[in-house]
Amino acid sequence: MQIFLYFCSDFYRTTMETNSQLERILSLYDSQQIFVIADVNAHYEHVLGALPYPTLQLSVSAATKSLDRVTEMWDFLNNHHATRHALLVLIGGGTLTDMGGFAAATYLRGIDYVNVPTTLLAMVDASIGGKTGVNYAGLKNRIGAFHQPIDVVIEPRFLETLPETEWLSGWGEVIKTTLLSESHPILHNPSEQREAILPIIRACAAYKKAIVADDPTEQGLRKVLNLGHTVGHALEEVAGGQMAHGYAVIYGLVAALYLSVVRLDFPREILTQVTHIMVEEYGRPICNCKEIDTLIDKMRADKKNATHDGILFTLLRQPGEPVYNQAIPEQQIREAVDYLFSV
Ligand code: GLY
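Cut-offs used in this document
- Residues numbered from 1 in each chain as written.
- Predicted model: local features only at pLDDT ≥ 70, side-chain atom pairs only at ≥ 80, totals over all residues.
- Heavy atoms only, no water.
- Buried < 20%, exposed > 50% of the residue type's maximum accessible area, 1.4 Å probe, protein only.
- Helix = DSSP H or I, 4+ residues; strand = E, 2+ residues; numbered from the N terminus.
- Pairing = 2+ DSSP bridges.
- Axes fitted to C-alpha atoms, helices over the stretch in contact; angles between N-to-C directions.
- Parallel < 35°, antiparallel > 145°, perpendicular 65-115°, else oblique.
- Contact = heavy atoms within 4.5 Å.
- Nonpolar A, V, L, I, M, F, W, Y, C, P; charged D, E, K, R; others polar.
- Polar contact = N/O pair within 3.5 Å; in protein donor to acceptor, adjacent residues only side chain to side chain.
- Salt bridge = Lys/Arg side-chain N within 4 Å of Asp/Glu carboxyl O.

Bringing the pairing of strand β1 (residues 34-39) into the picture now. In terms of residue burial, β1 counts as a mostly covered element, since 6 of its 6 residues are buried. Neither face of β1 is left uncovered, since the one carrying I34, V36 and A38 and the one carrying F35, I37 and D39 both have all their residues buried. In this structure, β1 lies alongside strand β3 (residues 87-92), joined through 5 bridges in parallel fashion. Across the sheet, I34 pairs through a bridge with L87, a residue of β3.

Here is the structure:
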């Protein structure tokens, strides 16, 4: 069954409404063909209560985002005789929904899945847009597929027990999206905003949905969402799974805003503001000179970003005015990374 509720669904306020959204989706499938994969730490009773579907609980982390975990998911589906008409419900953070989405993209050449994100990062970014995959050979998301979820069901109660590090990590993507989407961005400190998060989630998710609707497979416009990710991914790879994604995004954002100031006359005061949030809330990234060479190598290893004229970045002319495919020479990237490590 192929249905496309995804681009017209709304984001709900109460658990009752969230549950009815999920129940509506579940009612479209044979109840013998609904399977759940949930993070072992997710309070998934928030959405599924005691619903009797076969469930695989997994402990996942960036360090174990590998084909081994996906194999466990394939085994689970296969052992329960999942058919092409199955629905997979994924309950967890971005690492789980990325891997589960890839299992769904590949099992029997593709089955339906619905994402129920449990972290801020997954709610505002990772669970939306159909990028699925695993890390491979020390490189982030090297193996993967575009496979859109049938829907994304956001239940804010999951955030009540979200650890501080996860909150900060999600906030990295919130700041990125605010800079991409707002011409007069208000950049809040993450610690101030726990109470007023719903409109922020709604705005970030709506922005991402609109970009993905325009360019689902990242032929052009979707590259704007990679703001902060060129340096960010390289940092994550060097850290070997020990750096939370949103922390890497904040560090990568500071480098990208530095380049935006130098090359495109982006307002320096916004760079200063984001640098201040980084130092106060996230702490400086730890790095040595040798690692800077490794970071550049990692950026070059990302073949889709490497050109003769330099490495491709998404930058900002102004807040709300992103430009993608900006080829930056290595010397200038070194300057930006030096700025990041020396502020
Ligand atoms: N996280 C960037 C994207 O989904 O395109």
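There is more to say after this.
On to the packing of helix α6 (residues 164-181) against helix α10 (residues 268-282). Here α6 crosses α10 at 175 degrees, and the two axes come no closer than 12 Å. When the axes of α6 and α10 are compared, the pair comes out roughly antiparallel. In this structure, α6 uses L168, W171, G172, I175 and L179 to contact α10, whose residues at the interface are I270, V274, I277, E281 and Y282. Its residues placed into classes, the contact of α6 with α10 shows 8 nonpolar, 1 polar and 1 charged.

Next up on the list: the side chain of R222. Turning to its location among the elements, R222 is positioned in the loop between α7 (198-214) and α8 (229-238). From its side chain, R222 meets the backbone oxygen of G129 in a polar contact 2.9 Å long. Beyond its immediate chain neighbours, meaning those up to four positions away, R222 contacts I128, G129, K131, F146, K208, I211, V212, D215 and P216.

In this section: the pattern of salt bridges. According to the stated counting rule, one finds 12 salt bridges in the structure shown. K65 is paired through a salt bridge with D98; the nearest N and O atoms lie 2.7 Å apart. With K65 in the loop between β2 (55-58) and α3 (67-79) and D98 in helix α4 (residues 94-106), this residue pair connects regions lying 33 residues apart in the sequence. The exposure classification of K65 matches that of D98, with both residues buried. Among the ionic pairs, E218 bridges to K131, the shortest N-O distance being 2.6 Å. Of the two residues, E218 is situated in the loop between α7 and α8 and K131 in strand β5 (residues 131-136); the sequence distance between them amounts to 87 residues. Classification of E218 by relative accessible area gives buried; the value is 12%. On the accessibility criterion, K131 (35% relative accessible area) is partly exposed. One continuous salt-bridge network, built from bridges that share partners, spans D293, D297, R300, E330 and R334.

For the rest of this paragraph, the subject is the sheet that holds strand β10 (residues 321-328). One open sheet accounts for 3 strands, arranged β8-β9-β10; its pairing is antiparallel. Every other strand in the sheet has two partners, leaving β8 (306-307) and β10 as the edge strands with one partner each.

Turning our attention to the environment of L180. Looking at the secondary structure, you find L180 in helix α6. Owing to a relative accessible area of 2%, L180 belongs among the buried residues under this scheme. For the pair L180 and Q332, spaced 152 residues apart in sequence, the C-alpha separation works out to 22 Å. With sequence-adjacent residues up to four places away left out, L180 is seen in contact with Y207, V224, L225, L227, L316, G320, E321 and P322.

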